[in-house]
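Tertiary structure, described
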Amino acid sequence: MNMLSETAVEKVLERKMTNAALKMSGKDVCVFYGEKQALYNVNLDIRENTVTALIGPSGCGKSTFLRTLNRMNDTIDNCRVTGRISLDQDDIYDPSIDVVELRARVGMVFQKPNPFPKSIYENVAYGPRIHGLARNKAEFDEIVESSLQRAGLWNEVKDRLNEPGTGLSGGQQQRLCIARAVAVSPEVILMDEPCSALDPIATARVEELIHELRANFTIVIVTHSMQQAARVSQRTAMFHMGLLVEENDTDKMFTNPDDQRTQDYIMGRFG
Amino acid sequence: MSGSVLLLCLLVIGVVAYWLGRMRANALAGAKLSSMHSRSSYHGGYTFVWSVLPALLLLAVWVSVSPTIVETTVARSFPQEVLTAAQSAQNLEFGIIRSIARGLTLLSSSDAATLVNGTGDVRALLSAKGVPLAGDPKPYMMTAALELNRLTAISQWLMTVAVIALSLGGLFFSLKAIAPKLRARNRVERVILGSLIAASSVAILTTIGIIASMLGEASHFFSMVPAHEFFFGTVWDPRFAAAGAGNSEGQFGLIPLLLGTLYIGLVAMLVAVPVGLFSAIYMAEYASPRLRAFAKPMLEVLAGIPTIVYGFFAMITVGPFLRDISAQINGIATGNFQNFIQAQSVLTAGFVMGIMLIPYVSSLSDDIITAVPRALRDGSLGLGATRSETVKKVILPAALPGIVGALLMTASRAVGETMIVVLAAGVAARIQINPFEPMTTVTVKIVNQLTGDLEFTSPQTLVAFALGITLFALTLCLNIYALYIVRKYREQYE
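Being a predicted model, the structure only gives us computed values, none of them experimental.

1. Let's talk about the overall build of chain A
Looking only at helices and strands, chain A has 11 helices and 10 strands in total. Scaling as 2.2 N^0.38, a compact globule of 271 residues should have a C-alpha radius of gyration of about 18 Å, and chain A matches this with 19 Å. Referenced to the eigenvectors of the C-alpha coordinate spread, the extents of chain A come out at roughly 55 × 50 × 35 Å. In chain A, the share of contacts with a sequence separation of at least 24, taken over all contacts with a separation of at least 6, comes to 68%.

Following this line, the structure appears as structure tokens:
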């Protein structure tokens, strides 16, 4: 009885997710740092309004793949990307693509909270100011408030918006960075181990937040924590030594993976 | 034994002590090294310190104290009329005695004997050996000189014995002290700490000494010229030619010099800050590593050029160029080929000084900009900001306290800069706002007042110290203000 209902739920979920439109897609993606190849022919689809978790041992290329999705790799000297990565069918490495505009559509939250040395308000208003998303103070106020609310930080900081963002606690800083990313209204948010510098309580809050954000954004998250991947994501991709080992529904991945290496990694046999 | 040979002896004893200490420690430890508290090289260091340091201190004290003792002893035997004479006359006499004493040691024994008998010509013989005498020697001087030489020799001999004895004593004491439980490591560490503290106090003590000597001379000046006339006077006319004469009342107004200094400094900063800052931003944010590796040292070569060379450059090239081009411009505009920029002008000096300051600004700012965490850059770029937006809105604000500090440091260099302004700014001390005309600076006037044959008793020369202390106070204020700004912004941003 129990078994049956679980399979039913799985089926429903599966249908829902396969129906979800493709947001981003990588085809034969290879990344080189100088002579050294970091990714080998990765094919991975990112579905809309889905949380996709990238897992794998350190140095497996998951962060590298994440960074190719909004071309943050461009800022690293002698890094080269081949293959095709598309956002809504457009190749983002096409010369006609404006990388600045791309990054406005594909935002990023980093491993370590990195608020700017500015007030909380200015941190959130930074992106909208650059992209001209608001015309006057009232519109900015609204963007700042709604972004902070979405990041679950509004109630904690609404009385001290003019204090420096660097004065917040680590977890608050990370949620401020999420608010900052959200304020630009991106379509995709990339998160590079967003909780690795946070304590368990702050981690729980951020995970909750990821759940809520899923309604409006497509999220790709790199994580070292298997539990976190299981908790927050619907799809999981397992990387190992620059190869995409397996890509699957999270539930399947953590119960009955297709690949032996995934099984071993999840069971803690390596990594 | 002379001082240098003695030093060498001490060093040899020290090296021997080090090896003895090591060997003894190794022997004590036997097969089981861990039975010793410290490694054997620390025991060696311990014996080295004990055999060298106390002896060295004794040597230093002896060398600095013994001449005074010897000379007072010699002076006691002077005739009455010399002892009652003025102090300066006594010093002069003693100078002659010292010269004779030195000369006696250089002469051959037969020549020296004729001198002692009083038969030889003292001045001629001594000057042949390169020892000039200030005046004709009096008879008592010869005995005094002989006495001086005798006492000095005794003192030298005693010193040698005492120092070597102390050194060997330290060696034996420390060798005996070596034991498994001796904490040689900690003690050597303490000696190292002491020497580090001594090194850092040298700089501080020197600064205090410089201030004290300048204050002393400046107070002489202020006893002759009232302070308010100096600090608030608007006329600089020291009346050099009349210096030393009875009624040489010059006017020492600081204001024209100070204004010139600040004006030229301002022009220099106007050149150096934008160029230096922009090049720093390019180097730190845009340049490829290969270009950076090549261009940054090139830029820093500019900082290594002696300022006198910049001075030539200003005087020979930039000044005449500005003068000629201004004549051309004037000619085209009005038909009258009269230059409106002087060859020596605020503009010339400020411009060249600005060039000189570019590497300071750019190198300091570059270091500060590069120190801004990469995470901030990534954060901004990840939000879709362009590079220049990132620089303008995130990196420069984050680096601002450091940059302001760097700029103020540069400004204090501009204020203290001498050779460029000496050659390019002119010497006319006047108050005016036209940058095309010459003005002069505090440093130029210090150079002017101190070159020449004037004695250090007239206000014409002593004013240099008053100017120096003013300059010092100015740069000190700039630096304190820089620290204040840096601290204020740091509070806001962290």
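Let us keep going from here.
2. Describing the overall build of chain B
The helix and strand tally for chain B stands at 18 helices and 2 strands. When each of the 494 residues of chain B is scored for burial, the buried share is 35%. The long-range share in chain B, meaning contacts at least 24 apart out of those at least 6 apart in sequence, stands at 75%.

3. A few points about the domain arrangement of chain B
All names here are of chain B. By the assigned domains, chain B splits into domain 1 (3-182), domain 2 (185-224) and domain 3 (230-493). Here the C-alpha centre of domain 3 lies 29 Å away from the C-alpha centre of domain 2. Taken residue by residue, the interface counts 8 residues in domain 2 and 8 residues in domain 3. Across the side of domain 2 that touches domain 3, the residue classes break down as 6 nonpolar, 1 polar and 1 charged.

4. Observations regarding the sheet that holds strand β9 (residues 235-240) of chain A
All names here are of chain A. Taken together, the 6 strands give an open sheet; going across it, the order is β6-β7-β8-β3-β9-β10, and neighbouring strands pair in mixed fashion. Among the strands making up the open sheet, the edge pair consists of β6 (106-109) and β10 (243-249). Mean inter-strand twist for the sheet, computed between neighbouring axes without regard to direction, equals 20°. Bridge analysis of strand β3 (residues 51-55) against β9 gives 4 bridges, and the strand direction is parallel. Paired with Ile 55 across the bridge in β9 is Met 238.

5. Details of the nonpolar core
Residues and elements named next belong to chain B. Formed by 145 residues in total, the largest nonpolar core has its most connected members in Ile 264, Ala 349, Val 352 and Ile 420. Residues lining this core come from more than one domain, with at least three contributed by each of domain 2 (185-224) and domain 3 (230-493). Residues in contact with Val 352, not counting those within four places in the same chain, are Tyr 310, Phe 313, Ala 314, Val 318, Ile 420 and Ala 424. The next biggest cluster of nonpolar side chains, apart from the first, holds 18 residues, and it includes Phe 48, Val 52, Leu 171 and Ala 184.

6. Focus: the interface of chain B and chain A
Counting residues at the interface gives 19 residues for chain B and 25 residues for chain A. At the level of secondary structure, the elements contributing two or more residues to the side of chain B that touches chain A comprise α14 (374-382), α15 (387-416) and α18 (459-493) of chain B. Among the elements that take part in the side of chain B that touches chain A, α14(B) stands out by supplying 6 residues, more than any other. A breakdown of the residues in the side of chain B that touches chain A according to their chemical character gives 10 nonpolar, 5 polar and 4 charged.

Criteria and thresholds
- Residues numbered from 1 in each chain as written.
- Chains lettered and ligands numbered in written order.
- Predicted model: local features only at pLDDT ≥ 70, side-chain atom pairs only at ≥ 80, totals over all residues.
- Helix = DSSP H or I, 4+ residues; strand = E, 2+ residues; numbered from the N terminus.
- Rg over C-alpha atoms; globule rule 2.2 N^0.38 Å.
- Contact = placed C-beta atoms within 7 Å.
- Buried ≥ 20, exposed ≤ 12 C-beta atoms within 10 Å, placed from the backbone.
- Domains from an automatic or database assignment.
- Nonpolar A, V, L, I, M, F, W, Y, C, P; charged D, E, K, R; others polar.
- Pairing = 2+ DSSP bridges.
- Axes fitted to C-alpha atoms, helices over the stretch in contact; angles between N-to-C directions.
- Core = buried A, V, L, I, M, F, W, Y, C linked by C-beta atoms within 7 Å.

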